[in-house]
Amino acid sequence: MSWPAFLKNFPQGHLVVAVAVDVGADEIGSRRLRGLRDLLHRVIGRMASSDGNFALTVSRAAGFPEILCGFEVQADADALVALGNAQPTDRYPGFATQRVFDLDTAMESALGAGLLSDGDIDQR
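Here is a short report on the structure shown in this document.

Let's talk about the pattern of salt bridges
- Taken as a whole and judged by the stated rule, the model has four salt bridges.
- Here aspartate 38 ties to arginine 37 by a salt bridge, and the two come within 3.1 Å at their closest N and O atoms.
- The class of aspartate 38 is partly exposed, set by a relative accessible area of 35%.
- Linking aspartate 78 and arginine 99 is a salt bridge whose minimum nitrogen-to-oxygen distance equals 2.8 Å. One end of the pair, aspartate 78, is in helix H3 (residues 74-84); the other, arginine 99, is in strand E5 (residues 97-102), and 21 residues separate them in sequence.

See below:
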């Protein structure tokens, strides 16, 4: 689902934001950032419930690259929150819940390894 369609259909959805801490502000359209977005899409696609919609978009509105992940179903958002150890935030008004986590190189590796191991992520 596209981001605009998600916002239109689920204006009170649940938001989880991955801050791409290892990507520079000038790398918004970079292959690296698209790769992180695609990784999150695969992780979410594997863990999300079959009856909940989700959408992702890349944003630099905060002055640094972020990947916004919107969820129709709170349980799906909570699953990503648990994987990323996301913390509550209030920077994004309008969402029913909103949490944020750093998507650094270590988290990227853990998420990628989880895809290879059927979702088991090393919590070290």
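What about the pairing of strand E2 (residues 54-59)?
- As judged from the six bridges shared by E2 and strand E3 (residues 66-71), these two strands associate in the antiparallel manner. Opposite phenylalanine 54, over in E3, you have phenylalanine 71 as the bridge partner.
- Linking two consecutive strands that pair antiparallel, namely E2 and E3, is a turn of six residues; a positive phi of about 95° is found at glycine 63 within it.

Observations concerning the nonpolar core
- Counting residues in hydrophobic clusters, the biggest one holds 25 residues, and the most contacted among them are Leu40, Ile67, Cys69, Phe101 and Leu103.
- Apart from the residues within four sequence positions on either side, leucine 103 is in contact with Ala18, Val19, Ala20, Val21, Leu36, Leu40, Ile67, Glu108 and Leu111.
- Listed in part, the eleven residues of the second largest apolar core include Leu15, Val17, Phe95 and Val100.

Regarding the sheet that holds E3
- Sheet architecture is open: five strands sit in the order E2-E3-E1-E5-E4, paired in mixed fashion. The sheet terminates laterally at E2 and strand E4 (87-88), the two strands that pair on one side only.
- Packing of helix H2 (residues 31-47) onto the sheet brings it into contact with strand E1 (14-19), E2, E3 and E5, and relative to E2 it is tilted by some 165°.
- Packing against the sheet, H3 makes contact with E1, E3 and E5, and its axis sits at approximately 25° to E5.

Some remarks on the packing of aromatic side chains
- Following the criterion strictly, the structure yields three aromatic pairs and no others.
- Relative to phenylalanine 6, the ring of tryptophan 3 lies with its centre 5.7 Å away and its plane at 25°, an arrangement referred to as stacked. Taken together, the residues tryptophan 3 and phenylalanine 6, both in helix H1 (residues 3-9) and three residues apart, mark about one turn of the helix.
- Its relative accessible area of 13% is what places tryptophan 3 among the buried residues.
- Residues phenylalanine 6 and phenylalanine 10 carry aromatic rings whose centres are separated by 5.4 Å and whose planes lie at 45° to one another, so their mutual orientation is tilted. For the pair phenylalanine 6 and phenylalanine 10, one class covers both residues: buried.
- Among the aromatic residues, those joined into a cluster by ring pairs are Trp3, Phe6 and Phe10.

About the criteria used
Residues numbered from 1 in each chain as written. Predicted model: local features only at pLDDT ≥ 70, side-chain atom pairs only at ≥ 80, totals over all residues. Heavy atoms only, no water. Salt bridge = Lys/Arg side-chain N within 4 Å of Asp/Glu carboxyl O. Buried < 20%, exposed > 50% of the residue type's maximum accessible area, 1.4 Å probe, protein only. Helix = DSSP H or I, 4+ residues; strand = E, 2+ residues; numbered from the N terminus. Pairing = 2+ DSSP bridges. Core = buried A, V, L, I, M, F, W, Y, C linked by side-chain atoms within 4.5 Å. Contact = heavy atoms within 4.5 Å. Axes fitted to C-alpha atoms, helices over the stretch in contact; angles between N-to-C directions. Phe/Tyr/Trp six-rings, centres within 6.5 Å; stacked < 30°, edge-to-face > 60°.

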